[in-house]
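# Secondary and tertiary structure notes
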Amino acid sequence: MSLRRIHIDRLRRELNPQQWAAVSAGPGPKLVIAGAGSGKTRVVTYRVAYLIAQGVDPSNILMVTFTNKAAREMLSRVEALVGPEARRVWGGTFHAVGNRLLRGYAHLLGYRPNYTILDEEDQRDFIRLCITDEGIPLKEVRFPSPALVRDVLSFSRNTGIPVPEVLERYHPYFLEWAEVLERVEGRYRDRKLSANAMDYDDLLLNWLRLLREFPEVSELYGRKFEHILVDEYQDTNLLQAEIVELLASKNGRNIMVVATTPRAYTPSGGRATRTSSASPSATLGPRSSSSR
Ligand SMILES: Nc1ncnc2c1ncn2[C@@H]1O[C@H](COP(=O)(O)OP(=O)(O)OP(=O)(O)O)[C@@H](O)[C@H]1O
Ligand SMILES: [Mg+2]
């Protein structure tokens, strides 16, 4: 029996039948929906191990999730299964993967590769300057705070809802400033570019732009990522869903997305409603008794 075979048998033994079915499923889109704590991340990590055992090069696998903590856990679980080879998997949060990609292509978007990343406080400082540039005496008029402006602009960019509409929906008492805020938005964009700085939203937006505006880049990465896996898919926003969708459209739709039961169907705020990149294929049952 070859080493590879032993490896796969071990994976199978440590999963219940439903988990194993998802882990060992053939190519094509997969949507795995199951309850909290039912072993969803286990499916994602074991599938990555399974694919590597099947001979897929780790650097051709993209595995994304939402929080740093979840990303670290995912990567260390894969490493525990397959060893140091796991480090070659492209894994992490959407923002981390976007950043890694953009470092190589920022020049196409007018940035230098050593761009800095603005944290929330930096963003507020930038926005305060843009508001001042608009000639708004912040201390004298009832104008949204830089923190609120940051939130409004960010929400607008992540959902595609224009700034005036965001104000109308969530902050109608500031609606009179809609035009000024749109100008602040433009100034903020210019300021970031001339400071060679991106905020967190830019890591997603510019990643998406890169894929949309530069077909050679989307072809390259669409083909490179032979397998895409997304954990906590219910937390995907529109931008992230579009990135995943675009990449998956180039790799023959080899994508597995994993989501927690109820929230996947109650879209709210900036969350995406689309799960069109996948078709239902698995639910997870009770844990196997043979494991651990
Ligand atoms: N078949 C199994 N055998 C043994 N342990 C399992 C099995 N499936 C899951 N577990 C364990 O149960 C715990 C929860 O699993 P996991 O984190 O994969 O669930 P999850 O659905 O991703 O949870 P969450 O909803 O919190 O993201 C982990 O410690 C995992 O190792
Ligand atoms: Mg999980």
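For clarity, every value in this text was computed on a predicted model and none was experimentally measured. (Residues numbered from 1 in each chain as written. Chains lettered and ligands numbered in written order. Predicted model: local features only at pLDDT ≥ 70, side-chain atom pairs only at ≥ 80, totals over all residues. Heavy atoms only, no water.)

### Details of the overall build of the chain
On a plain count of helices and strands, the chain comes out with 12 helices and eight strands. Burial statistics for the chain: of 292 residues in total, 52% are counted as buried. Excluding contacts between residues fewer than 6 apart, the proportion of contacts in the chain whose partners are at least 24 apart in sequence is 77%. With an accessible surface of roughly 13,900 Å², the chain has 52% of that area assigned to carbon and sulfur atoms. (Helix = DSSP H or I, 4+ residues; strand = E, 2+ residues; numbered from the N terminus. Buried < 20%, exposed > 50% of the residue type's maximum accessible area, 1.4 Å probe, protein only. Contact = heavy atoms within 4.5 Å. Areas by Shrake-Rupley, 256 points an atom, 1.4 Å probe, with all protein chains shown as cover.)

### Considering the nonpolar core
Formed by 39 residues in total, the largest nonpolar core has its most connected members in L62, F94, W207, Y221, I228, V230 and L247. Listing elements by their share of this core, those giving two or more residues are strand 1 (30–34), strand 2 (61–65), helix 5 (94–105), helix 10 (200–213), helix 11 (215–224), strand 6 (227–230), helix 12 (238–248) and strand 7 (255–260). Element by element, the count of residues in this core is highest for helix 12, at seven residues. In terms of nonpolar packing, the next biggest core, distinct from the first, is built from 28 residues, V48, I52, A53 and V82 among them. (Core = buried A, V, L, I, M, F, W, Y, C linked by side-chain atoms within 4.5 Å.)

### Details of the pairing of strand 6
The alternating pattern of strand 6 places H227 and L229 and I228 and V230 on opposite faces, both of which are buried. For strand 2 and strand 6, the ladder comprises four bridges, and the chain directions are parallel. Residue L62 lies in a different strand from strand 6, and its bridge partner there is I228. Taken together, the three bridges between strand 6 and strand 7 define a ladder with parallel strand orientation. Looking at the pairing, V230 lines up with V257 of strand 7. Between the parallel elements strand 6 and strand 7, the chain passes through helix 12 in a crossover that is right-handed. (Pairing = 2+ DSSP bridges. Right-handed = clockwise from strand over helix to strand, strands pointing away.)

### Structural notes on unusual backbone geometry
One non-glycine residue, E232, lies in positive phi territory at about 55°. Along the polypeptide, E232 turns up in the loop between strand 6 and helix 12. Although it is not a glycine, R253 adopts a positive phi angle of roughly 60°. Within the secondary structure, R253 is located in the loop between helix 12 and strand 7.

### Quick look at helix 3 (residues 40–53)
Its 14 residues give helix 3 an end-to-end C-alpha distance of 20 Å, which sits within 8% of 20 Å, the value for a rise of 1.5 Å per residue. Phi turns positive, to about 105°, at G55, one or two residues after helix 3. (Expected span 1.5 Å × (residues − 1).)

### Points about the side chain of N16
Topologically, N16 is positioned in the loop between helix 1 (3–13) and helix 2 (17–23). Relative accessible area serves as the criterion here: at 0%, N16 is assigned to the buried category. Reaching out from N16, the side chain makes a polar contact with the backbone nitrogen of Q18 at a distance of 3.0 Å. (Polar contact = N/O pair within 3.5 Å; in protein donor to acceptor, adjacent residues only side chain to side chain.)

### Let's talk about the pattern of salt bridges
For the coordinates displayed, the defined rule picks out 21 salt bridges. For E14, the salt bridge identified is with R10, shortest N-O distance 3.1 Å. By relative accessible area, R10 is classed as partly exposed at 29%. Across the pair E73 and R77 runs a salt bridge, and its minimum N-O distance is 2.5 Å. (Salt bridge = Lys/Arg side-chain N within 4 Å of Asp/Glu carboxyl O.)

### Some points on the packing of aromatic side chains
In this description, a pair of aromatic rings is defined by centroid distance and the angle of the planes. A complete count under the given rule lists 11 aromatic pairs for this structure. A ring pair is formed by F143 and W177, whose centres lie 4.8 Å apart and whose planes are at 70°; its orientation type is edge-to-face. Here the residue F143 occupies a position in the loop between helix 6 (120–133) and helix 7 (146–159), and W177 occupies one in the loop between helix 8 (163–170) and helix 9 (178–194), the gap between them amounting to 34 residues. Taking relative accessible area as the criterion, F143 reaches 8% and is therefore assigned buried. Measuring from ring centre to ring centre gives 5.4 Å for F155 and Y170, while their planes differ by 75°; the resulting arrangement is edge-to-face. Of this pair, F155 sits in helix 7 while Y170 sits in helix 8, and the two are 15 residues apart along the sequence. Members of the aromatic cluster, each reached through a chain of ring pairs, are W90, Y105, Y221 and F225. It is R100 that lies over the ring of W90; its NZ or CZ is 3.5 Å from the centre. Here the basic side chain of R103 rests over the ring of Y115, its NZ or CZ set 3.7 Å away from the ring centre. (Phe/Tyr/Trp six-rings, centres within 6.5 Å; stacked < 30°, edge-to-face > 60°. Lys NZ or Arg CZ within 6 Å of the ring centre and 35° of its normal.)

### Examining the pairing of strand 7
For strand 7, the tally of buried residues reaches six of six residues, placing the bulk of the element in the interior. Taking every second residue as pointing to the same face, both faces of strand 7 are buried, with I255, V257 and A259 on one and M256, V258 and T260 on the other.

### Concerning the environment of N99
Assignment of secondary structure puts N99 in helix 5. Distance from N99 to D202, taken between C-alpha atoms, is 9.2 Å for residues 103 residues apart in sequence. Residues in contact with N99, not counting those within four places in the same chain, are Y115, I117 and L203.

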